[in-house]
Amino acid sequence: MNGFRKNKGIVIELTALLDVIMIMLFWIMMNVQDSSKSAASEAEKKALEAEQRLNTIQEELDIRSAQLERFKSILENIDKNAADNQQALFGYESGMLVTLDIRYDTTGRLIIYNSDKKLGEAEIFSETEITACIINALNKAGLDKQDVVLCALIYDGTSALYKDFKTVNRAVDSVRDVYSSFYCAYINTARINQNES
């Protein structure tokens, strides 16, 4: 009978030990599952951060690439631009200058000349019409849109209305949208006359 009790005691002790082991295994499995979820979440977060950094770097590279292309284009065109500018200066020395002359009779008018040749005329009330008139005059003079064009806006500051001057000035700015190398100087004849007297 003593041997039987020992066997029964051993069985009871193993059962209790198995319960403890099962509880510990369950607890470890829960911890492993929680830590794997946490690790997966952390890995996903790091992957998103890396993707955002990669996108930022790619945007910066695109910007720098565009800047590099623009600088390359500028460098390639430096010689051509210098030649165009030199040609415009030679033309200026020989009297080839586009002049925009604000005059008044009954109304304000803008008269466009190339040397002594009248190229066009427009009333000063519409910026759009003045812009179109200047562009037509430049075309009539045989100037291409890529040419360097030297121009002088001549007006009498004592008689020219400020609003007319501003309208013509805005039209000149609009002409630059078509003729990108259109350079215009402003000459107030009233100041010249004052300096001479």
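As the structure is a prediction and not an experimental result, all values here were calculated from the model. (Residues numbered from 1 in each chain as written. Predicted model: local features only at pLDDT ≥ 70, side-chain atom pairs only at ≥ 80, totals over all residues. Heavy atoms only, no water.)

Asker: Which residues make up the overall build of the protein chain, and what are the values?
Answerer: If you tally the helices and strands in the protein chain, you get four helices and five strands. Starting at the N terminus, the α and β elements of the protein chain follow one another as α-β-β-β-α-β-α-β-α. Taken over 197 residues, the protein chain has a buried fraction of 25%. Within the protein chain, contacts between residues separated by at least 24 positions form 60% of all contacts whose residues are at least 6 apart in sequence. Carbon and sulfur atoms form 57% of the exposed surface of the protein chain, whose accessible area is close to 14,500 Å². (Helix = DSSP H or I, 4+ residues; strand = E, 2+ residues; numbered from the N terminus. Buried < 20%, exposed > 50% of the residue type's maximum accessible area, 1.4 Å probe, protein only. Contact = heavy atoms within 4.5 Å. Areas by Shrake-Rupley, 256 points an atom, 1.4 Å probe, with all protein chains shown as cover.)

Asker: Residue-level account of the sheet that holds strand β5 (residues 182-188), with values.
Answerer: As summarised here, the arrangement of the five strands in space is β3-β2-β1-β4-β5, forming an open sheet in which the pairing is mixed. Since the sheet does not close on itself, it has two edges, and those belong to β3 (117-123) and β5, each with one partner. Strand-to-strand twist of the sheet, defined as the mean angle between neighbouring strand axes without regard to direction, takes the value 20°. The strands touched by helix α2 (residues 127-140) within the sheet are β1 (98-104), β2 (108-114), β3, β4 (149-155) and β5, with β3 carrying the most contacts at an inclination of about 170°. Strands β1, β2, β4 and β5 of the sheet are contacted by helix α3 (residues 162-175), whose axis makes an angle of about 165° with β5. (Pairing = 2+ DSSP bridges. Axes fitted to C-alpha atoms, helices over the stretch in contact; angles between N-to-C directions.)

Asker: Could you give me a rundown of the environment of Asn139, with the residues and numbers involved?
Answerer: With respect to the helices and strands, Asn139 occurs in helix α2. Residues Asn139 and Leu119 lie 20 residues apart in sequence; the distance between their C-alpha atoms is 9.3 Å. At a separation of 2.7 Å, a polar atom in the side chain of Asn139 contacts the side chain of Tyr179. (Polar contact = N/O pair within 3.5 Å; in protein donor to acceptor, adjacent residues only side chain to side chain.)

Asker: Could you give an account of the packing of aromatic side chains, naming the residues involved and the relevant values?
Answerer: Evaluated as defined, the whole model comprises two aromatic pairs. Both rings, one in Tyr155 and one in Phe165, keep their centres 4.7 Å apart while their planes meet at 45°; by these two values the pair is tilted. Linking Tyr155 in strand β4 with Phe165 in helix α3, this pair joins segments that are 10 residues apart in sequence. According to the relative accessible area criterion, Tyr155 is buried, its value standing at 14%. (Phe/Tyr/Trp six-rings, centres within 6.5 Å; stacked < 30°, edge-to-face > 60°.)

Asker: An account of the pairing of β2 is requested, with residue identities and associated values reported.
Answerer: For β2, the buried fraction is high: seven of the seven residues fall into the buried class. By the bridge criterion, seven bridges tie β1 to β2 in an arrangement that is antiparallel. Directly across from Tyr104, in β2, lies its bridge partner Gly108. Hairpin geometry of β1 and β2 is characterised by an intervening segment of three residues between the two adjacent antiparallel strands. Bridging between β2 and β3 involves six bridges; their strand directions are antiparallel. For Tyr113, the partnering residue across the bridge sits in β3 and is Lys118. Counting the residues in the hairpin turn of β2 and β3 gives two residues, including Ser115, whose phi is positive at 60°.

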